[in-house]
Amino acid sequence: MRKFLLPLTVVLSLSAFAEVKVLKNFTLIDGTGKAAIADVGMTIENGRITSIGSAANIKPPAGAQVIDLTGKFVMPGIINLHGHVGNTVDMLQNPKFFTRENIEKNLRTYASYGVTTILSLGTDQDLIFQIRDEQRAGRPGFARVYTAGQGFTIKGGVGGSPPGTYNPEDAGEIPKDVDALASKKADMVKMWVDDALGKRKKMPFEMSKAIIDNAHRNRLRVAAHIFYLADAKQLVGAGVDALAHSVRDQPVDRELIDSMKKHRTWQAAATLTREASMFVYAKPFPLLEDPFFARSLSPATIANLNDPVNQKKIASDPDFSKYPSFLETAQKNLKRLADAGVPYGLGTDSGPPGRFPGFFEQWEMELMVDAGLTPTQVIVAATKSGAEFLHAADLGTLETGKWADLIVLNGNPAANIKNTRSIDSVYIAGNRVAP
Ligand SMILES: [Zn+2]
């Protein structure tokens, strides 16, 4: 018996230091796709879930903070697989805005909308790695950031420009740039393969192929900005790991679907809201009047979007009449890929001017349901699947051992996806971060 006394004392003194929270009496949507479960309790120790189950069986330890959530719904935090942080102030984008203050402001805004993790896709300067590494060493007070660091664009092409991206002149430069990303432990590699409807230069295939091959040599994965079905096919065939936008020029076909399944390529982000953002601001946009969305926009941004001169300018884009059909095609393609069993997450391309963090992820879920997915499919895409794509084993679902990144809601999101907007509070690593 004596043998057990010492270890027991050690355990007791350790748990005396543990910060323990108990959430109880809520309905759980755990992110796995299982049906909602009523009357659940969850114990959180130092930010991680240590037990979850029937509230009646949860015995809060002495000193625990107990939070009664009777009547509430709890789901995992939303994971956005295509965002951009730090480069935008109001309706202007410039790499000079890429400061810690601006990055953290964006990450706080995401968190306030229940987006607890984002993958920033290819417009980051090196400061992002420092912020990410600090977060991973502790318990972040705002959304977790994953990053592709500097993505690959070409001069005169689509995408950003240095210092937020690499602009290789030829494929020979690519190995050293990818090696640099690997040494910074980038979470992904991003490249843009598009010509903006013929208005820009497209990255040549030998270059995108070199990016994929060099990333894989470094055990990194590649997410591609694409627009055309033909480019998607070529890149999936070459081993690209994810499409960061929907195919938008035409319906996806059997050949692409079979190739994505064979190569296990993800439709990581459908970016439906990004497509909508190309045309909705050409006239007064009702969501801007919704206090849930308006609260995160500065008066200058709202004035800009409500200015008839700017609305006219948007409508005068020679390609303007095509944009609604790109959204429609993207929605049909998402449904088709989902039905075929291609893995998909949630991603918006939020962050640039007019594409608002948090607001867009919430709206994206509605557009995914409009595309024909069930609310539960959308919730799984936005949580469990997002974590799987990021290889984030301790995020995405509410199960023992995972970080307590979660949203407390007043309505059931599995019954109506718009209930993801009925936010009571948001937790990251067990800490209430919003409101
Ligand atoms: Zn993007």
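Rules behind the numbers
Residues numbered from 1 in each chain as written. Predicted model: local features only at pLDDT ≥ 70, side-chain atom pairs only at ≥ 80, totals over all residues. Heavy atoms only, no water. Domains from an automatic or database assignment. Contact = heavy atoms within 4.5 Å. Buried area = accessible area lost by both parts, 1.4 Å probe. Donors = N, O, S within 2.8 Å, 3.2 Å for Na, K, Ca; no water. Buried < 20%, exposed > 50% of the residue type's maximum accessible area, 1.4 Å probe, protein only. pLDDT = per-residue confidence, 0-100. Axes fitted to C-alpha atoms, helices over the stretch in contact; angles between N-to-C directions. Helix = DSSP H or I, 4+ residues; strand = E, 2+ residues; numbered from the N terminus. Parallel < 35°, antiparallel > 145°, perpendicular 65-115°, else oblique. Left-handed = near helix turned anticlockwise from the far one by under 90°. Nonpolar A, V, L, I, M, F, W, Y, C, P; charged D, E, K, R; others polar.

A. Summary view of the domain arrangement of the chain. Looking at the assigned domains, one finds that the chain contains domain 1 (2–76 + 398–434) and domain 2 (78–390). A C-alpha centroid distance of 31 Å is found between domain 1 and domain 2. Between domain 1 and domain 2, the contact holds 27 residues from the first and 28 residues from the second. Both sides of the domain 1 and domain 2 interface together cover about 2,200 Å² of buried area, and 63% of this is carbon and sulfur. The largest share of the area that domain 1 buries against domain 2 comes from Ile417, Arg421 and Ile428, three residues that together contribute 31% of it.

B. Seen up close, the coordination of the zinc ion. Around the zinc ion, the donor atoms from the protein are His82 (NE2), His84 (NE2) and Asp349 (OD), and they sit 2.0 to 2.1 Å away. In primary-sequence terms, the residues that donate to the zinc ion follow H-x1-H-x264-D. Residues His82 and His84 agree in their burial class; the two are buried.

C. Main features of the confidence of the model for the chain. Put simply, the chain has an average pLDDT of 95, and 96% of its residues get 70 or more. Segment residues 1–14: pLDDT under 50, and 0 contacts once partners within four positions in sequence are set aside and those in other chains are kept.

D. How the structure looks around the packing of helix α13 (residues 359–370) against helix α14 (residues 375–390). The interhelical angle for the contact between α13 and α14, taken along N-to-C directions, is 135°, at an axis separation of 9 Å. Our classification of the angle between α13 and α14 gives oblique. Relative to α14, α13 is oriented so that their crossing is right-handed. Across the interface between the two elements, Met365, Met368 and Val369 of α13 pack against Pro375, Val378, Ala381 and Ala382 of α14. Class assignment of the residues belonging to the contact of α13 with α14 gives a composition of 7 nonpolar, no polar and no charged.

E. Geometry of unusual backbone geometry. Here the bond from Pro162 into Pro163 is cis, since omega is 10°, no more than 30 degrees from zero. Its place among the elements puts Pro163 in the loop between β11 (151–152) and β12 (165–166). Cis geometry is found at the peptide bond from Ala434 to Pro435, where omega equals -10°. Despite not being glycine, Asn46 shows a phi value in the positive range, around 50°. Position of Asn46 among the secondary structure elements: in the loop between β2 (37–45) and β3 (48–54).

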